[in-house]
Amino acid sequence: GATGRAEPILAMLEEAGAPYVTKPMSELPDDGGYPCFAAPVVQVPGGLRVAQTPALLGTRGRSLGLHPPMPRAADAASVADFADAAHALQCALNVADIWSEGYAARRKEGGGAAWCEGGRLDKWLATLERSLEKGGGEYFIGGALTYVDFTTLNALNVLEFCYGDAAAARVAKLPLVSAGRAAMRARPACAKVMQTPVLYPSVSAQAEAARQLAEERFASSREGS
């Protein structure tokens, strides 16, 4: 059921034209490889296995040309030469926090209204807006497409899925975030992944039932307030 977190990884693979196969976690071999607690997990030819979305994005981003340039340590004049790579990781971890906070809040009593409408989400979105400004306006890091743009789109999609118009209205107030989201959604790779049903039927049915229940609880909490 962790396909939602895999969305940016799949989109990056599509963007780069890299071949891949998706499998359920039950097929992850118990072969003594590096331990992975939960999906998504990526295993590449040669056996390297990595979990945790930010780690996956950074690792695959480098191999797919979607990571900020990083000089060799011997060539770097100072730590500042690694600034883009450091800020990319910072942004990716910010987005991971947004994803986790928003999803967890939505599942609690009250449907996450306090998190979405009480200022916490606005603070996070303002941080994304300022980060885009630093990146040049179109992309987050160095004026170029990186893994950060894919993971941010995923978080914004999850927010809209969980909170509907309440989240969409807050994103719409921020010109760079909203324009960036639209541009990323329009990329063929992202559009393909977003339009492809990647959940297994049983999981998809469970997810839809959970979503409907959450919507009912959210509507009830708003009526009660």
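Residues numbered from 1 in each chain as written. Predicted model: local features only at pLDDT ≥ 70, side-chain atom pairs only at ≥ 80, totals over all residues. Heavy atoms only, no water.

All right, on to the packing of aromatic side chains then. Using the criterion set out here, one finds two aromatic pairs in the structure. Above the plane of the ring of Tyr-163 lies Arg-106, whose end atom (NZ or CZ) is 5.7 Å from the centre. (Phe/Tyr/Trp six-rings, centres within 6.5 Å; stacked < 30°, edge-to-face > 60°. Lys NZ or Arg CZ within 6 Å of the ring centre and 35° of its normal.)

Counted according to the given criterion, the structure contains seven salt bridges. A salt bridge links Glu-14 to Lys-192; its shortest N-O distance comes to 3.3 Å. In this pair, Glu-14 is assigned in helix α1 (residues 3-16) and Lys-192 in helix α9 (residues 188-195), connecting sequence segments 178 residues apart. Given a relative accessible area of 21%, Glu-14 falls into the partly exposed group. According to the relative accessible area criterion, Lys-192 is partly exposed, its value standing at 44%. Here Glu-160 and Arg-185 are joined by a salt bridge, their closest N and O atoms 3.3 Å apart. Here the residue Glu-160 occupies a position in helix α6 (residues 147-163), and Arg-185 occupies one in helix α8 (residues 175-186), the gap between them amounting to 25 residues. If you follow the salt bridges from partner to partner, you end up with Glu-160, Arg-181 and Arg-185 in one network. (Salt bridge = Lys/Arg side-chain N within 4 Å of Asp/Glu carboxyl O. Helix = DSSP H or I, 4+ residues; strand = E, 2+ residues; numbered from the N terminus. Buried < 20%, exposed > 50% of the residue type's maximum accessible area, 1.4 Å probe, protein only.)

Now for empty space enclosed by the protein. Under the criterion given, the structure shown has three cavities of 30 Å³ or more. The volume enclosed by the largest cavity comes to roughly 80 Å³. Elements with a contribution of two residues or more to the lining of the largest cavity: α6 and α8. A class-by-class count of the residues in the lining of the largest cavity yields six nonpolar, two polar and three charged. Glu-7, Pro-8, Ala-11, Phe-150, Leu-153, Asn-154, Cys-190, Val-193 and Met-194 together form the lining of the second largest cavity. (1 Å grid on protein atoms, 1.4 Å probe; cavity = no way out; pocket = protein on both sides within 12 Å on 5 of 7 lines; lining within 4 Å. Points joined across faces, edges and corners; volume = space filled by probe spheres on them. Nonpolar A, V, L, I, M, F, W, Y, C, P; charged D, E, K, R; others polar.)

This brings us to unusual backbone geometry. Cis geometry is adopted by the peptide bond preceding Pro-40, which originates at Ala-39 and carries an omega value of 0 degrees. At Gln-52, a position not held by glycine, the phi torsion is positive, near 70 degrees. Along the chain, the position of Gln-52 falls in the loop between β2 (49-51) and α2 (53-64). A residue is classified by how much of its surface remains accessible, and Gln-52, at 58% relative accessible area, is exposed.

What follows covers α8. Compared with an ideal rise of 1.5 Å per residue, which puts twelve residues at 16 Å, α8 spans 17 Å between its outermost C-alpha atoms and is within 8% of the ideal. Among the residues making up α8, those that are buried are Val-177, Ser-178, Gly-180, Arg-181 and Met-184. All buried residues of α8 fall inside an arc of 160 degrees around its axis, so they share one side. Summarising the geometry of α8, the exposed residues directed more than 90 degrees from the buried face are Pro-175 and Ala-186. (Expected span 1.5 Å × (residues − 1). Arc of directions from axis to C-beta.)

With that settled, consider the confidence of the model for the chain. Where the model shows low pLDDT, its predicted coordinates should not be examined in detail. With 87% of its residues at a pLDDT of 70 or more, the chain has an overall mean of 86. Below pLDDT 50 for its whole length, residues 199-203 participates in eight contacts with residues either more than four positions away or in separate chains. (pLDDT = per-residue confidence, 0-100. Contact = heavy atoms within 4.5 Å.)

A few words now on the side chain of His-67. With respect to the secondary-structure elements, His-67 resides in the loop between α2 and α3 (83-106). Residue class for His-67 comes out buried when judged on its relative accessible area of 17%. What His-67 contacts, discounting residues up to four positions off in sequence, is Gly-58, Gly-61, Arg-62, Ala-85, Thr-146 and Tyr-147.

Another point: the nonpolar core. The biggest cluster of nonpolar side chains holds 49 residues, and the ones touching the most others in it are Trp-115, Phe-150, Leu-159 and Tyr-163. A per-element tally of this core places α6 first, with ten residues. (Core = buried A, V, L, I, M, F, W, Y, C linked by side-chain atoms within 4.5 Å.)

Next up on the list: the environment of Ala-86. Assignment of secondary structure puts Ala-86 in helix α3. As a C-alpha pair, Ala-86 and Ile-141 span 55 residues in sequence and 10.0 Å in three-dimensional space.

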